[in-house]
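If you want the building blocks of each chain, they are given just below.
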Amino acid sequence: MMVRGQIMKKVGIIGGIGPEATITYYQSIIKDFQKRLGTHAQLPELVINSINMYKMFDMLEKKNFGEVVDYLSDAVEALEHAGADFVVMCGNTPHIVFNEIQENVNIPMMSMVETSYQRAAELGLKNLGLLGTKFTMENDFFKKPFIKNDLSIQVPNKDQLDYVHHKIVTELENGIVKEATRQQLITIVNEMIRTRHIDGVILGCTELPLILSDEDFNVPVLDIAQIHIQKIVDHILN
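Reading the values: rules and limits
- Residues numbered from 1 in each chain as written.
- Predicted model: local features only at pLDDT ≥ 70, side-chain atom pairs only at ≥ 80, totals over all residues.
- Heavy atoms only, no water.
- Pairing = 2+ DSSP bridges.
- Helix = DSSP H or I, 4+ residues; strand = E, 2+ residues; numbered from the N terminus.
- Axes fitted to C-alpha atoms, helices over the stretch in contact; angles between N-to-C directions.
- Expected span 1.5 Å × (residues − 1).
- Buried < 20%, exposed > 50% of the residue type's maximum accessible area, 1.4 Å probe, protein only.
- Arc of directions from axis to C-beta.
- Phe/Tyr/Trp six-rings, centres within 6.5 Å; stacked < 30°, edge-to-face > 60°.

**Description of the sheet that holds strand β8 (residues 200-203)**
Spatially, four strands are ordered β7-β6-β8-β9 in an open sheet, and the strand pairing comes out parallel. The open sheet has two edge strands with one neighbour each: β7 (152-154) and β9 (221-223). Strand-to-strand twist of the sheet, defined as the mean angle between neighbouring strand axes without regard to direction, takes the value 30°. Where strand β6 (residues 127-131) meets β8, four bridges bridge the pair, whose relative direction is parallel. Looking at β8, one finds that Leu128 is bridged to Gly200.

In structure tokens:
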């Protein structure tokens, strides 16, 4: 696609992880794109391949990581065949096998983990709290670039971790937002601020911004979806 003499790249999105995040990515990419061009008379070209999130979660629960890689690699290749120039995943959890997927496919992918780390480094944060699914909080795929560069990542205690995961999967992934859940999540983060001395909190699931925002805390909040989306539009505009 060419706009005002500039060649634009087409983004392929692995959606369905979850549906709410897919909607956010679609709408936010368009809004940011149009804002930068200064017109509503242009739209970015994109393609979405919406996978079965629960099928992926079941594979992860059983630690069938090879099956997850194959499932997501097929989804990426379908986007390449649909004309995408690069691919992103609109959920953080599947980044647990991001490197393996990228090795399997020819089309370049943009990591949400890397864009999140870059933003934390820009803000000068050193000790961050991480909320997300249990796959994100218990594994090290998201933490690696932070720890490699001397930033610390803290996660809630076991009971709190299970609570956060349960609420994400049973409520937020389905667009359900409850005030009682919001208050409990705020309590968990504030406890980490008080006892772990975190200087920022990472909303490490793309549905968490449905229920939490930077207005809820006295430390910076990293919305990994919006950070990712800004970089995606940068790349579309090249």
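Here the narrative resumes.
**Some details on helix α9 (residues 179-195)**
Helical geometry: 3.6 residues make up each α-helical turn, so side chains three or four residues apart lie on a common side. Along its 17 residues, α9 runs 24 Å from first to last C-alpha, staying within 8% of the 24 Å computed at 1.5 Å per residue. For α9, the complete set of buried residues consists of Thr181, Leu185, Ile186, Ile188, Val189, Met192 and Ile193. Seen end-on, α9 carries its buried residues on one side only, within an arc spanning 160°. Opposite the buried face of α9, at more than 90 degrees from it, the exposed residues are Ala180 and Arg194. In the segment just after α9, His197 is the residue with positive phi, at about 60°.

**Considering the packing of aromatic side chains**
Scanning all chains against the criterion turns up four aromatic pairs. With centroids separated by 6.3 Å and ring planes inclined at 80°, the aromatic side chains of Tyr54 and Phe57 adopt a geometry described as edge-to-face. One end of the pair, Tyr54, and the other, Phe57, are both in helix α2 (residues 53-61), three residues apart, so they sit about a helical turn from each other. The buried category is assigned to Phe57, whose relative accessible area is 9%. Between the aromatic rings of Tyr117 and Phe146, the centroid separation amounts to 5.6 Å while the plane-to-plane angle is 85°, which identifies the pairing as edge-to-face. Here the residue Tyr117 occupies a position in helix α5 (residues 112-123), and Phe146 occupies one in helix α7 (residues 144-148), the gap between them amounting to 29 residues. Accessibility assignment for this pair places Tyr117 and Phe146 in one class, buried.

Fair warning: the whole summary comes from geometry, so function is off the table for now.
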